[in-house]
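Now for the letters of each chain:
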Amino acid sequence: MPETDATQSGVMALLTLSALERASQDPGCWREPVVYRALLVSGLSVLTAATRHLQDDLEAAEEA
């Protein structure tokens, strides 16, 4: 996997965690549907990237 993919997924994970921390301090933001959509999309991006990392690791282990 290219290094940029790993960097981008790491940044996305940090942004997601940061947004969750901010949202937990402001209960009013949960009234906005866009918050749920943004959280869903960023969470799915992180999950997809993590799955890709795991797949790459499994393939590398099989080749070794």
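Structure first, text after, so check above.
Residues numbered from 1 in each chain as written. Predicted model: local features only at pLDDT ≥ 70, side-chain atom pairs only at ≥ 80, totals over all residues. Heavy atoms only, no water.

1. Considering the overall build of the protein chain
Along the protein chain, the regular secondary structure elements total 2 helices and 0 strands. Here the C-alpha coordinates of the protein chain stretch approximately 50 × 15 × 15 Å along the principal axes. The 64 residues of the protein chain split such that 9% are buried. Distance between charge centres in the protein chain, computed from 4 positive and 10 negative side chains, equals 19 Å. (Helix = DSSP H or I, 4+ residues; strand = E, 2+ residues; numbered from the N terminus. Buried < 20%, exposed > 50% of the residue type's maximum accessible area, 1.4 Å probe, protein only. Lys, Arg positive; Asp, Glu negative; His and termini not counted. Charge placed at Lys NZ, Arg CZ, Asp CG, Glu CD.)

2. Focus: the environment of Ala-13
Tracing the sequence through the fold places Ala-13 in helix H1 (residues 3-25). The sequence separation of Ala-13 and Ala-23 amounts to 10 residues, and the corresponding C-alpha distance is 15 Å.

3. Notes on the packing of aromatic side chains
Within the structure shown, the criterion is met by 1 aromatic pair. Relative to Tyr-36, the ring of Trp-30 lies with its centre 5.5 Å away and its plane at 55°, an arrangement referred to as tilted. When its relative accessible area of 28% is taken as the criterion, Trp-30 is described as partly exposed. The class for Tyr-36 is partly exposed, based on a relative accessible area of 46%. (Phe/Tyr/Trp six-rings, centres within 6.5 Å; stacked < 30°, edge-to-face > 60°.)

4. Brief notes about the side chain of Ser-42
Relative to the helices and strands, Ser-42 resides in helix H2 (residues 33-63). A polar contact of 3.2 Å, which involves the side chain of Ser-42, links it to the backbone oxygen of Leu-39. Beyond its immediate stretch of four places on either side in the chain, Ser-42 contacts Met-12 and Thr-16. (Polar contact = N/O pair within 3.5 Å; in protein donor to acceptor, adjacent residues only side chain to side chain. Contact = heavy atoms within 4.5 Å.)

5. Topic: a nonpolar patch on the surface
On the surface, a nonpolar cluster with roughly 300 Å² of combined accessible area is contributed by Leu-40, Leu-44 and Leu-47. On the secondary structure map, Leu-47 appears in helix H2. On the basis of relative accessible area, Leu-47 is assigned to the exposed category, the value being 51%. (Patch = residues over 30% accessible without salt bridge, like charges linked within 9 Å, V, L, I, M, F, W, Y side chains within 5 Å. Areas by Shrake-Rupley, 256 points an atom, 1.4 Å probe, with all protein chains shown as cover. Salt bridge = Lys/Arg side-chain N within 4 Å of Asp/Glu carboxyl O.)

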